[in-house]
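# Reading the structure
Spelled out from the first residue to the last, the chains are:
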Amino acid sequence: MPCYSLYPTFDKPGAWFLLGLLLLISVAKGVHRYLAMRARVYMVTDRRVVAWTRGQPTISRFLGELGPPHLVEHKNGTGTITFGGAGKPLFSVDDDPPAGTPEPPASPEINGIDHARRIRDLIAVAQNRSRRER
């Protein structure tokens, strides 16, 4: 008795096509994530955070202008660092700002980095030093 006869769904060619399509989509997502991560560059100095993403404007901010770094650790061992704390916006924006008021600059977000906890601690130390030197 053939093995596939125990699973009546998989004796139809359409079921194999759908299974193959799902497998292809899952592999494509992984490849897309890998290529997207290669298109990002982050630099953190003792005074600035610079985030460059291919096809988007570069975000560069002084550490003293940013809120405290907030870390979100992912299951795969990487982490994301944002500035301003969890759920707290970096700027408070009026409901109806006056015409011609420039938008506040974007806050950098450091995504999917290894050793994120150590980097967050280094950024916090650099921020404290930067604020003391003012």
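Placed above this text is the structure.
Keep in mind it's a predicted model, so treat the numbers as computed, not measured. (Residues numbered from 1 in each chain as written. Predicted model: local features only at pLDDT ≥ 70, side-chain atom pairs only at ≥ 80, totals over all residues. Heavy atoms only, no water.)

## Some thoughts on the overall build of the protein chain
Formally: Numbering of helices and strands runs from the N terminus, with a helix taken as a DSSP run of H or I at least four residues long and a strand as a DSSP run of E at least two residues long. For every residue, the accessible area (1.4 Å probe, protein chains only) is compared with the maximum for its type, and the residue is labelled buried under 20%, exposed over 50%, or partly exposed between those bounds. In this analysis, two residues are considered to be in contact whenever any of their non-hydrogen atoms come within 4.5 Å of each other. To measure how exposed things are, a 1.4 Å probe is used in the Shrake-Rupley method; for residues, cover is taken only from the protein chains shown.
Summing up its helical and strand segments, the protein chain has 2 helices and 6 strands in all. The 134 residues of the protein chain split such that 20% are buried. Expressed as a percentage of contacts within the protein chain between residues at least 6 apart in sequence, the contacts between residues at least 24 apart total 53%. Accessible area of the protein chain: about 10,200 Å², with a carbon and sulfur share of 60%.

## A look at the side chain of Gln 127
Quick note on the threshold: Whenever two N or O atoms come within 3.5 Å, that pair is a polar contact, provided that in protein one can donate a hydrogen and the other can accept it, and provided that, for residues adjacent in sequence, both atoms are side-chain atoms.
Of note, Gln 127 is situated in helix α2 (residues 116-132). Take Gln 127: its relative accessible area is 2%, and that puts it in the buried class. There is a polar contact of 2.9 Å between the side chain of Gln 127 and the backbone oxygen of Gly 67. Setting aside residues up to four positions removed in sequence, Gln 127 forms contacts with Leu 63, Leu 66, Gly 67, Pro 68, Pro 69 and Phe 83.

## Digging into the pattern of salt bridges
For clarity, the cut-off: Definition used for salt bridges: Asp or Glu carboxyl oxygen within 4 Å of a side-chain nitrogen of Lys or Arg.
Tallying each qualifying case throughout the model produces 3 salt bridges. For Glu 73, the salt bridge identified is with Arg 117, shortest N-O distance 2.4 Å. Separated by 44 residues along the polypeptide, Glu 73 in strand β4 (residues 69-73) and Arg 117 in helix α2 bring together distant segments of the chain. A salt bridge links Asp 121 to Arg 120; the nearest nitrogen and oxygen atoms lie 3.1 Å apart. A relative accessible area of 35% means that Asp 121 is categorised as partly exposed.

## Notes on the side chain of Thr 78
Along the polypeptide, Thr 78 turns up in the loop between β4 and β5 (79-83). Among the polar contacts made by the side chain of Thr 78, one reaches the side chain of Asn 76 at a distance of 2.7 Å. Discounting residues that sit within four places of it in the chain, Thr 78 has contacts with Val 72, Glu 73, Gly 112, Ile 113 and Asp 114.

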